[in-house]
Amino acid sequence: MFSSHMFGYYFKLGLRNLRRNPALTALMVLTLAIGVAASVSTLTILHVMSGNPMPHKSERMVSVVFNNGPLEGYSPGDKPNDDQVSYTDAMNLQASGQGARRTAMMGLGGTIQPDRKDIAPFVVTGGGPYRDFFTMFEIPFLHGQAWTEADDKAGADVMVLTRALSEKLYGNDNPVGRRLRYNGFDFLITGVIDKWDPIPRFHRIVGMGAFDEEDEFFLPMATAVRHEWNNSGSTNCTSNAGAGYQAFIRSECTWIQFWFELHSAADRAALQDWIDGYAAEQRKLGRMPRNAPNHLYNLTEWLEHLKVVGNDNKLSAWLAFGFLLLCLVNTVGLLLAKFSVRAPEVGVRRALGASRKEIFHQFLVETAVIGLAGGVLGLLLALGALGLISLQSKELALVARMDWAMLCVTFAMAVAAAILAGLLPTWRACQVTPALQLKSQ
């Protein structure tokens, strides 16, 4: 390979040669930039959608799904009717002592009645977990802390706010210890969580959606059940649940998501054995008549199982890369035209002792300079495209945002694409015969 000194010299030549035939150079840069922008915009959205929110412990975070539907209409091998569990199963799992930590979770929605007269009552959405939830999902606290285990057991009227909701109600003041009226009841605020914005919303994805707005508050699930509040989200009943709230929670309706945190990924097999044994005991009690397999999903498997990144998203990415390939083909043609007019220059350099290898290096660095210029313009176009996409909906606004990784990918893709497109034109330029060029001059 050539030295850093020669690279710097070739790089300066590349910058200088950008001014040669500026119309052709601008067309190459624009062609490359459009292809890169289309690919990076699509790839950025796919990157955010398919991200792992907890890569350091995703194998230890496990969700459980039973197939507790009736035998009517069931054939062996059929998938469960839902990816949630019933209240009966959730409470049994919560009391099981399995794993390092565990939490059931339901969705909640209601009305806040602020003390401040300048704020009218408004609707909020949140979650109803157990206190382990905050430690399991590593949720940071700005003020205070989660409620206690005794609050879970008693179904106490306690609440944790998000930072956004706290600032809306109390500004920059610390609200811990105050009472907030929610759905007609006074709740003691025990804590305010700092920024916690996982994407996708894996913790309550079935009822919440992978890219929906974040929860605004949390309160104990036992509290919601004591107040007989319905689940806000997905509820699946395969048969008549009966009249009244107590009949509903005793039914086989599935409406709760359940998570275990394991001490290590190796504990998964033991948990699977326990889950299978639990289901066998429930069948003796007349439940789970399908005798179907019970499923455990770690975090990444859970996202794949729920098809957070659909086939349409993957197809869009492939189409975008196809468009980039089309742009590369056009760039090859433009580079051939640009380098062909410089045959006399190459002939003179060859006659003065430059080797084909040196010519190849010079022209390849020049294509890399074009790639950098295309990367800068492609980045601006990609940011503009992502900005327009984010205006379409709140869900798209969550995923249409570029991080540092994708910023680096933009430039790497632009330079790599330019070098790939420049291989054939550069090779052609190296084949110039010095004698013929000098004779023609």
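The paragraphs below set out a description of the structure included in this document. What you are looking at is a predicted structure, and each value in this text was computed from that prediction instead of being measured.

Regarding its fold elements, the protein presents 17 helices and 11 strands. For the protein, the residues scored as buried account for 47% of the 441 residues in total. Restricting the contact set of the protein to residue pairs at least 6 apart, pairs at least 24 apart contribute 77%. When the accessible surface of the protein is totalled, it reaches about 20,800 Å², and 58% of it is carbon and sulfur.

The subject of this paragraph is the state of the cysteines. In a disulfide, the sulfur atoms of two cysteines are covalently bonded to one another. This structure, assessed with the given rule, holds 1 disulfide. Bridging C237 to C253, the disulfide has an S-S length of 1.9 Å. Of note, the bridge from C237 to C253 carries an S-S torsion of about 115 degrees and is right-handed in sense. One end of the pair, C237, is in the loop between α8 (221-226) and α9 (245-250); the other, C253, is in the loop between α9 and β10 (254-261), and 16 residues separate them in sequence.

A few words on the pattern of salt bridges. Applying the stated criterion across every chain, the model contains 17 salt bridges. Several salt bridges share partner residues, and in doing so they unite K57, R60, R101, E138 and E261 into one network.

Here we come to the nonpolar core. Within soluble globular proteins, side chains that are nonpolar tend to cluster in buried spots. Ranked by size, the top nonpolar core spans 46 residues in total, and within it V64, Y182, F217, L219, M221 and W255 carry the most contacts. Excluding its chain neighbours within four sequence positions, the residues that come into contact with Y182 are L108, G109, G110, T111, I112, Q113, V124, M159, F187, F217, L219 and W229. By size, the runner-up hydrophobic cluster in this structure holds 25 residues, among which are F202, I205, F218 and L299.

Another point: the side chain of T223. Relative to the helices and strands, T223 resides in helix α8. Ignoring sequence-local partners within four residues, the contact set of T223 consists of G155, A156, D157 and F187.

A cluster of nonpolar side chains, namely L30, I34, F323, L326 and L381, defines an oily patch on the protein surface of about 410 Å² accessible area. Of all the elements in the fold, those that place two or more residues in the nonpolar patch are α2 (22-49) and α12 (311-340). When you line up the elements, L381 lands in helix α14 (residues 356-390).

In this section: the packing of aromatic side chains. Counted under the stated rule, the structure contains 23 aromatic pairs. Seen from their ring centres, F66 and Y278 are 5.6 Å apart, and the 50 degrees between their planes marks the pair as tilted. Within this pair, whereas F66 is found in the loop between β1 (61-65) and β2 (85-86), its partner Y278 is found in helix α10 (residues 268-284), the two being separated by 212 residues in sequence. Ring plane angle 55 degrees and centroid distance 5.0 Å describe the contact between Y182 and F217, whose orientation is recorded as tilted. Taken together, the positions of Y182 in strand β7 (residues 179-182) and F217 in strand β9 (residues 217-218) put the pair 35 residues apart, joining distant regions of the chain. Each member of the pair, Y182 as well as F217, is classed as buried. Each member of the aromatic cluster is reached from another via a ring pair, and the members are F133, F134, F137, F141, W147, W196, F202, F218, W259, Y297 and W302. Above the ring of F122, the side-chain terminus of K168 is found at 3.7 Å from the ring centroid.

Criteria and thresholds
- Counting restarts for each chain: residues are numbered from 1 in the order of the written sequence.
- Totals for whole chains, interfaces and linings use every residue, but because this is a predicted model, local features are given only for residues with pLDDT of at least 70 and side-chain atom pairs only at 80 or more, for both listing and counting.
- Each side-chain value is worked out from all heavy atoms of the structure, with water and hydrogens disregarded.
- Numbering of helices and strands runs from the N terminus; a helix is a DSSP stretch of H or I covering at least four residues, while a strand is a stretch of E covering at least two.
- Exposure is judged per residue with a 1.4 Å probe applied to protein chains only, and the accessible area is read against the type maximum: over 50% gives exposed, under 20% gives buried, and values in between give partly exposed.
- A contact between two residues is defined here by any heavy atoms of the two lying within 4.5 Å.
- All accessibility values rest on the Shrake-Rupley procedure with a 1.4 Å probe; residue burial counts only the protein chains present in the view.
- When two cysteine sulfur atoms lie within 2.5 Å, the pair is treated as a disulfide.
- Salt bridges, as used here, are contacts in which a Lys or Arg side-chain nitrogen is within 4 Å of a carboxyl oxygen on Asp or Glu.
- Residue types Ala, Val, Leu, Ile, Met, Phe, Trp, Tyr and Cys, when buried and joined through side-chain atoms within 4.5 Å, form a set referred to as a nonpolar core.
- A patch consists of residues whose relative accessible area exceeds 30% and which take part in no salt bridge; residues with like charges are grouped when within 9 Å of each other, and nonpolar side chains (Val, Leu, Ile, Met, Phe, Trp, Tyr) when within 5 Å.
- Pairing of aromatic rings covers Phe, Tyr and Trp, the last counted by its six-membered ring, and requires centre-to-centre distances within 6.5 Å; plane angles under 30 degrees mean stacked, over 60 mean edge-to-face, and any other angle means tilted.
- By the criterion adopted, a ring carries a charge over it if an Arg CZ or a Lys NZ lies within 6 Å of its centre and within 35 degrees of its normal.

Function-wise, these values are silent; they only describe arrangement.
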